[in-house]
Amino acid sequence: MRVLVTGASGFLGSHICEALLQEGLQVVGASRGKGVLSEIEGVDWRFLDITDADSVENFDFSGFDAIVHNAGITFSRKPRRYLEVNYLGTKLLIDKLIRVGYQGRFLFISSLSVHGPGRAREDDIRLIPITPYGVSKLLGEQEVRASSLDWVVLRPPVIFGERDRALVGLYKLMAKGVVLSWKPEKQLTVAYAKNVAAAVAFLLKRDVSREVYLIGDVTLSWEEFAQKVMETLGVNRRVVLPLRNWMVDFVAPWVGFLRLILRLPVDRHKLEEVRANQWVVESRKLIEEGFNPPFELEEALSRTLSWCRSKRLL
Ligand SMILES: NC(=O)c1ccc[n+]([C@@H]2O[C@H](COP(=O)([O-])OP(=O)(O)OC[C@H]3O[C@@H](n4cnc5c(N)ncnc54)[C@H](OP(=O)(O)O)[C@@H]3O)[C@@H](O)[C@H]2O)c1
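As the structure is a prediction and not an experimental result, all values here were calculated from the model.

> Sorry, what's going on with the environment of Leu149 here?
Mapped onto the fold, Leu149 is located in the loop between helix H4 (132-146) and strand E7 (150-155). Under the relative-accessibility criterion, Leu149 is labelled buried at 2%. Distance from Leu149 to Ser38, taken between C-alpha atoms, is 31 Å for residues 111 residues apart in sequence. Sequence-distant contacts of Leu149, defined by excluding residues within four places in its chain, comprise Ile94, Leu97, Ile98, Tyr102, Phe106 and Arg210.

> Help me out: how do you make sense of the packing of aromatic side chains in this one?
Given two aromatic rings, one states the distance between the centres and the angle between the planes to describe the pair. With the rule as written, the count across this model stands at eight aromatic pairs. Here the aromatic residues Phe160, Tyr192, Phe225 and Phe295 are joined through ring pairs into a cluster of three or more. One cation-aromatic arrangement involves Lys186 over Trp182; the distance from NZ or CZ to the ring centre is 4.5 Å. Its end group placed over the ring of Tyr133, Lys270 keeps NZ or CZ at 5.2 Å from the ring centre.

> What's the story with the layout of surface pockets in this structure? I'm lost.
Taken as a whole, the second largest pocket encloses approximately 360 Å³ of empty space. Around the second largest pocket sit 21 residues that line it, and Gly216, Asp217, Val218, Ile287 and Pro293 are the ones nearest its centre. Here the element with the most residues in the lining of the second largest pocket is helix H11 (residues 285-288); it accounts for three residues. Tallied by class, residues from the lining of the second largest pocket come to ten nonpolar, six polar and five charged.

About the cut-offs
- Residues numbered from 1 in each chain as written.
- Predicted model: local features only at pLDDT ≥ 70, side-chain atom pairs only at ≥ 80, totals over all residues.
- Heavy atoms only, no water.
- Helix = DSSP H or I, 4+ residues; strand = E, 2+ residues; numbered from the N terminus.
- Buried < 20%, exposed > 50% of the residue type's maximum accessible area, 1.4 Å probe, protein only.
- Contact = heavy atoms within 4.5 Å.
- Phe/Tyr/Trp six-rings, centres within 6.5 Å; stacked < 30°, edge-to-face > 60°.
- Lys NZ or Arg CZ within 6 Å of the ring centre and 35° of its normal.
- 1 Å grid on protein atoms, 1.4 Å probe; cavity = no way out; pocket = protein on both sides within 12 Å on 5 of 7 lines; lining within 4 Å.
- Points joined across faces, edges and corners; volume = space filled by probe spheres on them.
- Nonpolar A, V, L, I, M, F, W, Y, C, P; charged D, E, K, R; others polar.

What follows is the structure in structure tokens.
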């Protein structure tokens, strides 16, 4: 089986490539730069810019049994950019695939953000994203679902793992013993990148078509997540920093400083996500259909934090 992975050079894309290679599949990775793919053997890399009509037009999509469309942006200071990449880029790609009569599978990496805050299930009919990112992922997903392609949609929540730098600022605080403590009802589901990648491999092997799946390993409060990270790092000191939504509103005008000082990829839209009480995956559809995530939270965190240390990020 020959599979094209878009966004292969990034965090999740690189784990997807590794998971597919492990399954013995032939993997072609596409993105604008080689990124972390230079560390991974066995992926045949090709240039592709999904926002550039010429690049999409000139790309040879023949000979693929499946395409994992994972390319996308999760943070931009220009909200318009989310639409350009996550929505219009996806549309350009689909239009081209339809034109050339692509007959293979098409697995789209969407996001829990399309649901908006709350407790998400695949059969939710009200999808109310609250950020430009969430809107762009929903619009991209709608293009996929309205197409004649043989599609499957996977909606992950916050993903952590090796090669992710977005959460490093939080790990740094936790390494110093700082626990951001919200009300316990503020919960989030997290997923380990290698488990999400394993789910992609699982879905490609199974004969599922025109189905949406949520995925998530574990649901925790912010404090519980910090506790797990600190246990993994062997940090005993605890400085609890109680946080409330009014404080988020207070710092919102200075969010640029947070970005610079804490080196967190935050803007006022990310703060909106933080203000919401729950980003929870309630469904177990994937598990009920036989998916067994290969990594438990403890091992996943241990691998992630070891990677951060090996890169001197912690
Ligand atoms: N990280 C999370 O917590 C999370 C959660 C839910 C869903 N997701 C989804 O997972 C996917 C991957 O996210 P990630 O966290 O791995 O992000 P990432 O590390 O920033 O990787 C994004 C990938 O997309 C590629 N890309 C960006 N713009 C492109 C363009 N114009 N043309 C072609 N490729 C482009 C990037 O490569 P180049 O820049 O070299 O082109 C890179 O390979 C996204 O679709 C995201 O919405 C992520």
